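Structure assessment
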Amino acid sequence: MLEEKASRYFTDFNGRFKARLAAVTPAFMPAATHELTGISSRYECRIKVEYHKDIMGLIEEGMLVAVRNFKSNPKDQRHSLMVISRVWPEHYGLKGLSEHSYYPMQFEIIQQSVKDWDTSDKSTMMVQISALPINYDLVLNGDNEPKYEKGFTYPVIAAEAEILNRDMISHMYNQRVLAKLGFNAKTTTSDAYKDPRIGTIQMFESMEEKIPIYLDFEAMVRYHFGIFAFTGAGKSNLLSNILRRLLIHQPEVKVIVFDISSEYPFLLMDLFADDKIPSKIILENPVTNAEQFYASVVKPREYEEDDRVRKVFARIFGQKKITYYLKPESKVPTYGDIVEELSRQRNESLDKPHYVNALDRIRQDVVDYKSEHGMTDSKPIDEEFIKQLDEWGRGAVDEYKISDRSGVYAWATSRLTLIDNLKRAEKEKRTTGGLDIEGIRELVEKETRLTCISISDPYVIKELVVDLAREFLHRRKRSFKVKPYVLFVFDEAQEFVPDLGGSSGIDKDCSKVVETLLRQGRKYGLGGCLATQRIAYLNTNALQQLHTYFVGTLPRPYDRTVVSDTFTIDKQILEKTLEFAPGEWLLSSFIATGMENVPIFIRADNAEAEVEKTLNRLT
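Residues numbered from 1 in each chain as written. Predicted model: local features only at pLDDT ≥ 70, side-chain atom pairs only at ≥ 80, totals over all residues. Heavy atoms only, no water.

1. Quick word on the overall build of the chain
Counting secondary structure elements, the chain contains 22 helices and 20 strands. Taken over the C-alpha atoms alone, the chain extends approximately 100 × 60 × 60 Å along its principal axes. The buried share of the chain, taken over its 619 residues, is 54%. Sequence separation of at least 24 residues holds for 77% of the intrachain contacts in the chain that already meet a minimum separation of 6. Taken together, the 84 basic and 92 acidic charged side chains of the chain have centroids lying 3 Å from each other. (Helix = DSSP H or I, 4+ residues; strand = E, 2+ residues; numbered from the N terminus. Buried < 20%, exposed > 50% of the residue type's maximum accessible area, 1.4 Å probe, protein only. Contact = heavy atoms within 4.5 Å. Lys, Arg positive; Asp, Glu negative; His and termini not counted. Charge placed at Lys NZ, Arg CZ, Asp CG, Glu CD.)

2. Observations concerning unusual backbone geometry
Each neighbour pair has its own omega, and for Lys483 with Pro484 the value is 0°, a cis peptide bond. Following the sequence through the fold, Pro484 ends up in the loop between helix H17 (458-479) and strand S16 (485-491). Even without glycine at this site, Asn14 takes up a positive phi of about 55°. Tracing the sequence through the fold places Asn14 in the loop between strand S1 (10-11) and strand S2 (19-26). Backbone geometry places Lys401, a non-glycine residue, at a positive phi of 55°. Mapped onto the elements, Lys401 comes out in the loop between helix H13 (383-399) and helix H14 (407-412). Accessibility expressed as a relative area gives 66% for Lys401, which makes it exposed.

3. Details of the sheet that holds strand S19 (residues 584-589)
Where strands meet in a sheet, backbone hydrogen bonds hold them as pairs that are either parallel or antiparallel. In spatial order, the strands read S10-S9-S20-S19-S18-S11-S17-S16-S12-S15-S13-S14; together these twelve strands make up an open sheet with mixed pairing. Each end of this open sheet is capped by a strand with a single partner; those strands are strand S10 (211-213) and strand S14 (322-324). Strand-to-strand twist in this sheet, taken as the mean axis angle between neighbours without regard to direction, amounts to 25°. Of the pairings in the sheet, the one linking strand S12 (residues 253-258) to strand S15 (residues 450-454) comprises four bridges and is parallel in character. Counterpart to Val255 in the pairing with S15 is Leu450. Set on the sheet, H17 makes contact with S12, S15, S16 and strand S17 (526-532); between it and S16 the angle comes to about 160°. (Pairing = 2+ DSSP bridges. Axes fitted to C-alpha atoms, helices over the stretch in contact; angles between N-to-C directions.)

4. Focus on the environment of Phe225
Here Phe225 shows up in strand S11 (residues 225-228). For the pair Phe225 and Phe550, spaced 325 residues apart in the sequence, the C-alpha separation amounts to 8.0 Å. Apart from residues lying up to four places away in sequence, Phe225 is in contact with Met220, Leu239, Ile242, Leu487, Gly528, Cys529, Leu530, Leu546, Thr548 and Phe550.

5. Looking at the layout of surface pockets
In this approach a probe as big as a water molecule rolls over the atoms, and the regions it shows empty are the leftover space. There is about 700 Å³ of room inside the largest pocket. Lining the largest pocket are 30 residues; nearest its centre among them are Asp337, Glu340, Val466, Asp467 and Arg470. Mapped onto the lining of the largest pocket, the elements with two or more residues apiece are helix H11 (335-348), H17 and helix H18 (505-520). Element by element, the count of residues in the lining of the largest pocket is highest for H17, at ten residues. In terms of residue class, the lining of the largest pocket is made up of eight nonpolar, eight polar and 14 charged. (1 Å grid on protein atoms, 1.4 Å probe; cavity = no way out; pocket = protein on both sides within 12 Å on 5 of 7 lines; lining within 4 Å. Points joined across faces, edges and corners; volume = space filled by probe spheres on them. Nonpolar A, V, L, I, M, F, W, Y, C, P; charged D, E, K, R; others polar.)

6. Comments concerning the packing of aromatic side chains
Taken as a whole, this structure holds 24 aromatic pairs when the rule is applied. For the pair Phe13 and Phe17, a centre-to-centre distance of 6.4 Å together with 80° between the ring planes defines the contact as edge-to-face. Residues Tyr335 and Tyr369 carry aromatic rings whose centres are separated by 6.3 Å and whose planes lie at 25° to one another, so their mutual orientation is stacked. Linking Tyr335 in helix H11 with Tyr369 in helix H12 (residues 353-373), this pair joins segments that are 34 residues apart in sequence. Relative accessible area serves as the criterion here: at 0%, Tyr335 is assigned to the buried category. Its relative accessible area of 4% is what places Tyr369 among the buried residues. Through successive ring pairs, a cluster of aromatic residues spans Phe258, Phe472, Phe488, Phe490 and Phe496. (Phe/Tyr/Trp six-rings, centres within 6.5 Å; stacked < 30°, edge-to-face > 60°.)

7. Concerning the confidence of the model for the chain
The predicted structure's coordinates, where accompanied by low pLDDT, should not be read in detail. Mean pLDDT over the chain works out to 86, with 94% of the residues at or above the 70 mark. Overall, residues 31-39 carries pLDDT values under 50, and its contacts beyond four positions in sequence, including any with other chains, amount to 19 contacts. (pLDDT = per-residue confidence, 0-100.)

8. Quick look at the environment of Gln111
Residue position: Gln111 is located in helix H3 (residues 103-114). Residue Gln111 is classed as exposed on the basis of its relative accessible area, which comes to 56%. Spatially, the C-alpha atoms of Gln111 and Ser564 are 42 Å apart, while their sequence positions differ by 453 residues.

9. Points about H13
Here H13 contains 17 residues, and its C-alpha end-to-end distance of 24 Å stays within 8% of the 24 Å for a straight helix at 1.5 Å per residue. The complete set of buried residues in H13 reads Phe385, Ile386, Leu389, Asp390, Trp392, Gly393, Ala396 and Val397. Where H13 ends, the next residue or the one after it, Lys401, has phi of about 55°, a positive value. (Expected span 1.5 Å × (residues − 1).)

10. Side note on the pairing of S19
The element S19 is extensively covered by neighbouring structure, given that six of its six residues are classed as buried. Across the two faces of S19 the burial is the same, with Glu584, Leu586 and Ser588 and Trp585, Leu587 and Ser589 all buried. Two elements, strand S18 (residues 548-551) and S19, share four bridges in a ladder whose sense is antiparallel. Each residue of the ladder has a partner; that of Tyr549, found in S19, is Ser588. Where S19 lies against strand S20 (residues 600-604), four bridges are found, and the strand directions are antiparallel. From the neighbouring strand, Glu584 faces S20, where its bridge partner is Arg603.

11. Focus: the nonpolar core
Counting 160 residues, the largest nonpolar core has Ile47, Phe258, Ile316 and Phe550 as its most contacted members. Listed in part, the 26 residues of the second largest apolar core include Ala358, Val397, Trp411 and Leu418. (Core = buried A, V, L, I, M, F, W, Y, C linked by side-chain atoms within 4.5 Å.)

12. A few points about the pattern of salt bridges
Evaluation of the coordinates by the stated rule reveals 35 salt bridges. With a shortest N-O distance of 3.4 Å, Asp137 and Arg78 are connected by a salt bridge. Here Asp137 is found in strand S6 (residues 125-140), whereas its partner Arg78 is found in strand S5 (residues 77-91), with 59 residues between them in sequence. A relative accessible area of 1% means that Asp137 is categorised as buried. Its salt-bridge partner being Lys462, residue Glu495 comes within 3.6 Å of it at the nearest N-O pair. You can see Glu495 sitting in the loop between S16 and H18 and its partner Lys462 sitting in helix H17, a full 33 residues away along the chain. Taking the relative accessible area as the measure of exposure, Lys462 reaches 6% and is therefore buried. (Salt bridge = Lys/Arg side-chain N within 4 Å of Asp/Glu carboxyl O.)

Following this line, the structure appears as structure tokens:
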């Protein structure tokens, strides 16, 4: 029975792993908290492993270990689960070597010990493992499916420690997600069009087929996610791969990318070049030919002189998927602009009560009109409203006897001139094909599934974020609409959601609006993604709305502390990220993985592989 249990749930690496739980130590908790303290696990477990010459190449940090706990009984075998945080070998002779020993003797002992590592001498060597509880119990009950119960149970000291095998790891993290995705494949592949996985789990890579990792895309979008890593860790690569799989395997999701660095037209070129996926690239300025479009997009260094990229971009341009944003100076005023103008006029006229009364009368008429017609502050005004505004203005200045030499009189009686602005903007839209706020919103709601807004001017793109987020939230609230899901992606998120304490003007407005979007959007099918290299500069209220997060290399201790505090990941686990190569990530989620808030070390699939396939196929 024990052998069957070992082969079904656990692995001993063909008899090479024999371990016991040696100690469970309460973790040191500082008496006073500090902003650099971070989150620590309540207990640290020490596991001793009999030495085998192959064992150091088989045990990996991030593997899960199960140890029988005090709730276990003959009917339900219960094990406390813990994640391996550190692994190191010890040699009895070297450990007893003193710095004060005779130097030639030290060198002799060290030289002699080298040969010992190639043997399986259990009397001389041992492997030590430090592991942290993940606060789950594994419950095994005969032939029934294994269950995972939340909560910490004290493990039995000196009990056998067993590593969960490949099938158990895949079952834990993927079974529930795969059932929801409706995906069942006997083999796994990095091809985004055939397999919705986002990468592989960094376990058992040296022995067996790699373990894929799947995410509940719907939950990840609705409850927001973040990607945090230093420059060069592969943030854009990971994000583009997640977006690619979302759009291919979740037909009810639409994506808006706010691309201040203009790199996603390249990273997602296969989707933009696909006729079956309605998409749009909105640039800062109009482009008249494919060469101008090609020059406006940032490309990785190795592809800068690649003619295949130029050909694919020409194909995208030929599909009429390129447009540009009509900047505020070209657009029609919004209802919010009119209300703001009235407020400014009022503040300048506080010493003239009848001026204030006239402006209040006009403002109330505007507010009533907005309410009756279901208009939002970011909605552009139309000709019907302009005519009404002119009537209200002329009526108010007559009623309150406003001087015809005053600024209030001039403003109130010149509203019909806005019709000329309206006609000019309409003519510009017809002749150039540019899009204003309303045009972008309609584009996302009705036609496109992927909209990439590549604007490098920080002020312009932040204004656009403020208007679009408010418009979507208002319309979803009024219609009680949840689907289709719309994902707002903020690459270089420090530009869009900076810390409120050190920001002002448009920066502060944008941060507050994105925070509101993340806080309220989940009820209306509006999701958010924040990707940044400096998490410490972000609005912490916005960060706390994220339920799924990918953490790469963060060299600065303060950044790791913010992650530890915000997402309750132990500092020892985060220290492992310092060793990550590009494309390696620590994944944890409260809702989108099979196990709630359990850290998983993964290797993400490479987005450039899909780009390369597209370049070869279309050129």
